[in-house]
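Structural characterization, general
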Amino acid sequence: ETAWILQGEEKEIPTNTGRKRINVNGAVEIENFDTIAREDERINAQSTIELLKQIEEAYPAAPSIYIIADNARYYRAQIVSEFLKTSRIQFKFLPPYSPNLNLIERLWKFLKKKVINNCYYESYDIFRKTVMEFLENTAIHRDELATLLTENFQITGTQFSKT
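Report follows, based on the coordinates. Everything quoted here is computed from the prediction, not taken from an experiment. (Residues numbered from 1 in each chain as written. Predicted model: local features only at pLDDT ≥ 70, side-chain atom pairs only at ≥ 80, totals over all residues. Heavy atoms only, no water.)

Right, let's get into the pairing of strand β3 (residues 65–69). Residues Ile 65, Ile 67 and Ala 69 line the buried face of β3, whereas the alternating positions Tyr 66 and Ile 68 sit on a face that is not buried. Where β3 meets strand β4 (residues 89–93), five bridges bridge the pair, whose relative direction is parallel. Bridged to Ile 68 within β4 is Lys 92. Regarding topology, helix α2 (residues 78–84) serves as the crossover connection from β3 to the parallel β4, and that connection is right-handed. (Buried < 20%, exposed > 50% of the residue type's maximum accessible area, 1.4 Å probe, protein only. Helix = DSSP H or I, 4+ residues; strand = E, 2+ residues; numbered from the N terminus. Pairing = 2+ DSSP bridges. Right-handed = clockwise from strand over helix to strand, strands pointing away.)

In C-alpha cells, the structure reads:
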C-alpha cells in the first residue's frame, strides 16, 4: 500500500518490532522453482541435516542431488559431513563472498520484496504464517522467478585495485 503525506502534516504509520525473528533455511530447485523451506529455532548443522533429509524425501527417484551452497559454517560441520557420507546429496560450494551467485539469496530478496518490505503485520504469528505460505506457494510467482533465478552469469575478470 502506498500513501502520500502532505508536507507539514503528520501521519501515524504502524510498524512492527524487529525483536522477533523467523529463522528459515531452504533450497530452491532451479528447473521449476519448487522450494523446500523449514523454520527452525536456530539455523545450524542439525537443522541443516533435517533440511537435507526433506530434500531427499522430495526427490526419491533422484540418484544424486546436487546442492549449490555458500560457505556457511554449518554446511561444513562434521556432523553434516558424516550425514553426507550415506546421502544422495552432494554439495558444490560457491566461491567465498559471492552472494550474487547464490540463487537462494535471490529468492530471499524476492520474498522480502513481496512479503516483508513495507508491510505491517498485526502480530508475529500472522507475519510468520505469511512468510511460510509464500515459501510453500512459490509456483504462483513462477514467471517472475524465471527471470530472477537464472543460471546466466557474466564473468568479467576485471580486477579492481586502489590507486
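The rest of the description comes next.
Right, let's talk about the nonpolar core for a bit. By size, the foremost hydrophobic cluster in this structure holds 20 residues, and its most contacted members are Val 24, Val 131 and Leu 135. Elements with a contribution of two residues or more to this core: β1 (24–28), α3 (103–116) and α4 (124–136). No other element matches the seven residues that α3 contributes to this core. Here Val 131 is in contact with Ile 22, Leu 111, Val 115 and Ile 116, once residues within four sequence places are set aside. With 16 residues, the next largest nonpolar core counts Ile 36, Ile 65, Phe 83 and Phe 91 among its residues. (Core = buried A, V, L, I, M, F, W, Y, C linked by side-chain atoms within 4.5 Å. Contact = heavy atoms within 4.5 Å.)

It is worth spelling out the pattern of salt bridges at this point. With the rule as written, the count across this model stands at eight salt bridges. Between Glu 144 and Lys 114 there is a salt bridge, with the nearest N and O atoms lying 3.1 Å from each other. Here the residue Glu 144 occupies a position in helix α5 (residues 142–148), and Lys 114 occupies one in helix α3, the gap between them amounting to 30 residues. (Salt bridge = Lys/Arg side-chain N within 4 Å of Asp/Glu carboxyl O.)

Two faces, one strand: in a regular strand the side chains alternate between the faces of the sheet. With respect to burial, β1 is a largely interior element, four of its five residues being buried. Here five bridges tie β1 to strand β2 (residues 35–39), and the two strands are oriented antiparallel to one another. Each residue of the ladder has a partner; that of Ala 27, found in β2, is Ile 36. The loop that links β1 with its antiparallel partner β2 comprises six residues; one of these, Phe 33, has a positive phi angle of about 65°.

A few words on unusual backbone geometry. Although it is not a glycine, Phe 33 adopts a positive phi angle of roughly 65°. Here Phe 33 is to be found in the loop between β1 and β2. Phe 33 sits in the buried class, given a relative accessible area of 9%. Non-glycine residue Tyr 97 carries a positive phi angle of around 55°. Positionally, Tyr 97 belongs in the loop between β4 and α3.

This brings us to α3. When the terminal C-alpha atoms of α3 are compared, their 19 Å separation across 14 residues agrees well with the 20 Å that a helix rising 1.5 Å per residue should span. Listed in full, the buried residues belonging to α3 are Leu 103, Ile 104, Arg 106, Leu 107, Trp 108, Phe 110, Leu 111 and Val 115. Among the structural elements, β1, β2, α4 and α5 are those in contact with the buried residues of α3. In the segment just after α3, Asn 118 is the residue with positive phi, at about 60°. (Expected span 1.5 Å × (residues − 1).)

Treat this as a map of the structure, not an account of what it does.
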